[in-house]
Structure formats: C-alpha cells, structure tokens
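A structural walkthrough
So the chains spell out like this:
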Amino acid sequence: MSNSTFPRKWTTEFTKTLLSAPNFIVFSYLDFLDSVFCVIYKYLDVFFEGKASPCYCTTTKISENGSNGKMGGNEEIGMSETLHGRKKKLKELIVLIQFVEKLLNKKKGVEGDYRFRNQKKAAVHRLGNRWSDCGCDSCISWMKTDDPKLHVVVKEASSQEDSKGNPNPSENVIFIHGILSSSSFWTKTLFPQLSESKKSNGYNMFAFDLLGCGKSPKPRDNLYTLNDHVEWIEKSVISRFQLNSFHLVAHSMGCIIALALAAKHSKSVKSVTLVAPPYFPSKDGVEFTVINSLTPKKLWPPEAFLSSVMTWYEHLGRCVCLLMCRNHTTWERLIKRLTGVRDLNFMFLDLTKHTHHSGWHTTHNVLYRGVKQMDRNLEILMKSKKKVHVFMGTRDRSVPPDCGDKMKKKFPDVEVNNIPNAGHRSVIFRREKDFAHDLLQIWENAAADHHDLHEV
Ligand SMILES: [Zn+2]
Ligand SMILES: [Zn+2]
C-alpha cells in the first residue's frame, strides 16, 4: 500500500464511522425504549383485558392460537424468522420482561381463570380488536357476522353478444393490492380507466381488501401468513363467486400473494400480471436480506425512518398504531377541518385502516417470509406454461428496480416491462390509460393462447 492511499482509506473509514454514529445511538436508544414499552404494554393489557398479549421479545415462540409456548415448526406454519431474529442487545431487560410476565400471569391466573372473570370482555378482545385498536363501525362490523369474509368490490361484465347474437362468455379478473392499502387502489384508479374501453365489457372484476386491511376482518387469532391470506381469498372470492378461471393482477406485496394463489390454482389461472413485485431469489435466510433491503434501519428520509420503526420494533410500532390507527376517524375529521378538503385521498386513509397485529404479522409473514416461496410458485407456473408479466418502474424506491430483471434471469419466460422514470405507485397511477390498455392486451392474448393449447 502506498503512503498516499493509506491516509485516504483511513479518512473514508473514519467518515463512514462518523456518519453511522447517529444511527447507532438512535437505534440503540430505540432498542431500549422498545423493551421498556414491552413491560408497559404487559401491564396495560392485563389492566384492560385481563391477560398480557404475547410478543416476540423473548425467545419463546408464539403458537398459532396466539399463546406463548416453545414450539418448532415455524417454517411449516409460514412464520418469518425476522419476528424472533431482530437483534436484542439488552439482555437484562429481557430477563425483567420475563419476570414481569410470570408475575402478571401468577397474579391474574392463567387463561382458564381469566376466561371466567372477564368472559364478555374477553370474547370481544380474543376474537377481534385489542384495547389499543380502533373500534369504529367500519373497523369492527365484520365481528357481527357468523362467517366473516373479505370486503369485495365487484364490477360485473356487461352482457355482450357476438356477431350471431349469442351471449359472449365473460372472464374474471382478481386484483390484489399491496401493503397498507385497500381495494380502492384499483377501484378508484384503474377501474374507471378500464370502463372507458369497450373491450373491458367482457370482464368481471373483483377487487378486495386483504385480511387485516380496510373494511376486511382483522382477527386477532390469526398470524396473517401467506397461506392465511390465500385461504381468505379462496373463501371470499373464488368459492363465493364460483370462479372456475381467472386472471390475476397484483401490486407490490400483493404479487407474493398472487403467485401463491396462482400456483395453487394453476389450472384455473389464465394470466398473472405483477406490478412492482419485491423479488429476491429464494435461499435460506432470505427474510433478513429482504428486511434489510426494503426497510433498513435508517434515520433519513423520514418515511424510511418510520418504516424501520414499524418493522423492527414491535412495541414502538404498536405505539404508532395506538396514536394513529386507533384514532383514525379523529385524525380524518381534524385534517378535513384544517385543510377544508372534503374527500381525503384514499391512499392516505388506507394507511391507518389496520390493527397493529394485522399489519405487523402481514409485513413479517408475507412480505419478508413470503418472498421465499416466490421461486417455487413461479416454477409451478412456468411448468404449466402460464404467462407471467411484470411491470417495474425504473425509479422505484420501495423495491429494488432490478427485481423484474432478476426474475427474468431466473425465469426467462417471464415477460418484463421496465417503465422509464416510473416509481412504485406511479408505474400505475401516472399511466393508468397505458396500463389499462396493456392489461386488456394481456388478457386477450392469454385467451388466445388458452384456445391454442386446447386445439393442440
Ligand atoms: Zn415484547
Ligand atoms: Zn376504525
């Protein structure tokens, strides 16, 4: 090493360390704060509901019915390693948390005792929202029905006739939105655009709110795994409307769910269109690659900081939900009054329509963990010669813009369209007309291919 490169290298290293110091200090403080809130929430949960909610701070894992217990088989259930693997530096605090937990359980008795004492209160809380979740009509109306289903918006095909006057059979399209969103993502943007084209008359379109989002059920006794989401879509859309064949269109995290659904129903699916899919080649520990890539611990910009708090800190995230989501109706009223705007943007409204439990688990179990299953599901689709189309914005800042190219490298039959200068959402929103046109073309081609396959 020459004399001149040594100091330069040393200076670069020094600057790097200096710049990472605020990061280290702030996130160490947040680690500490999260553990403090763990203890606070245990007390508050016991106070309001009679029993502490289980969390992922200690090394014991949470079983499917939501109770603490040592358990293997995480992998089969579809839970993300990131739930337990977030670094915990303050061992003393964990010991304290475990001590508090034991003390509280002793004081209040175990579950059986709790059930007798708080039967009414418990029935509501165990099924649905916690004291820290919103209890407005729109958030809890699903609890009033015996067999709750996802909130589905249907745009039916208008009856069409061919040249001989016979009715044309209609086709079905299922739309899946991304994280912290709802069916409005499609119904308020793309549906009006599609309606403008006569070609869309032959399609029944189904958009729904994912489990735990918007007006859909937000059960507390669910771990929001990829499998859970798929099953709720099956019972709320596919079985309910008896869809024997369908096209799929999905955005962002919805793409992971779309691929799982498509692979499971590979005979029924006609085409799959993925917009901004978070794709990472599957391998062991990919969950941590995804969490570090999509939501790294970063102080700047503010939205990146907020996402890192929401995904790395279970209890601090619950504080944000307690403040924002639990009181979303109050915030909406306040903002309307302050700004004088009557109709707030649906994307803003959708951000707060979930419980902490549903948002936290969906992020870890679908976004981080579900990525692991994408390769397997793509393989199934490629084998059954299904068309998969990807639309990626070259300026996407939420998922790496090369996700489409990476997918193409592994699965050459996937059709990738990189849209210049488009972002994560603007890949649809600023070009709805073009996107609607592309979709109609994809569906038409898929129908032709399907016909060819049958002829062979
Ligand atoms: Zn905790
Ligand atoms: Zn609400």
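The rules we used
Residues numbered from 1 in each chain as written. Chains lettered and ligands numbered in written order. Predicted model: local features only at pLDDT ≥ 70, side-chain atom pairs only at ≥ 80, totals over all residues. Helix = DSSP H or I, 4+ residues; strand = E, 2+ residues; numbered from the N terminus. Buried ≥ 20, exposed ≤ 12 C-beta atoms within 10 Å, placed from the backbone. Contact = placed C-beta atoms within 7 Å. Pairing = 2+ DSSP bridges. Axes fitted to C-alpha atoms, helices over the stretch in contact; angles between N-to-C directions. Core = buried A, V, L, I, M, F, W, Y, C linked by C-beta atoms within 7 Å. Domains from an automatic or database assignment. pLDDT = per-residue confidence, 0-100.

Right, let's get into the overall build of the protein. If you tally the helices and strands in the protein, you get 21 helices and seven strands. Classification of the 456 residues of the protein by burial places 39% in the buried group. For the protein, the proportion of contacts with a sequence separation of at least 24, taken over those separated by at least 6, is 77%.

Moving on to the sheet that holds strand E6 (residues 387-393). Judged by pairing direction, the sheet is mixed, and its seven strands sit side by side in the order E1-E3-E2-E4-E5-E6-E7 without closing on themselves. Two strands bound the open sheet, and with one partner strand each, they are strand E1 (152-155) and strand E7 (415-419). The mean inter-strand angle of the sheet, taken between neighbouring strand axes irrespective of direction, is 15 degrees. Here six bridges tie strand E4 (residues 246-251) to strand E5 (residues 269-275), and the two strands are oriented parallel to one another.

Ranked by size, the top nonpolar core spans 83 residues in total, and within it Leu-248, Ile-256, Ile-257 and Ala-258 carry the most contacts. Considering each element in turn, this core owes the most residues, nine residues, to helix H11 (residues 254-264). Looking at this core, you find at least three residues from each of domain 1 (5-127) and domain 2 (137-455). Excluding residues that lie within four positions of it along the chain, Ile-257 makes contacts with Ile-176, Leu-226, His-229, Val-230, Ala-250 and Val-366.

We now examine unusual backbone geometry. The omega angle of the peptide bond from Trp-300 to Pro-301 is 0 degrees, so this bond is cis rather than trans. In this fold, Pro-301 is placed in the loop between helix H12 (286-294) and helix H13 (302-312). The backbone of Gln-242 shows a phi angle near 50 degrees, a positive value even though the residue is not glycine. Mapped onto the elements, Gln-242 comes out in the loop between helix H10 (226-238) and E4. By the C-beta count within 10 Å, which is 7 here, Gln-242 ends up exposed.

What follows deals with the environment of Val-390. Note that Val-390 resides in strand E6. In the structure, Val-390 is positioned 114 residues away from Ala-276 in sequence and 7.3 Å away in space, judged by C-alpha atoms. Apart from residues no more than four positions distant in its own chain, Val-390 is found in contact with Leu-274, Pro-277, Gly-404, Met-407, Val-414, Glu-415, Val-416 and Asn-417.

In this section: the confidence of the model for the protein. Scored by pLDDT, the protein has a mean of 85; 82% of the residues are at 70 or more. The model gives residues 62-72 a pLDDT under 50, and that stretch makes 18 contacts with residues more than four places away or in other chains. Contacts from residues 109-125, a stretch scored under 50 in pLDDT, to residues over four places away or in other chains number 15 contacts.

Among the residues of H13, Met-310, Thr-311 and Trp-312 are the ones counted as buried. Buried positions along H13 lie against H12, helix H14 (314-323) and helix H17 (356-368).

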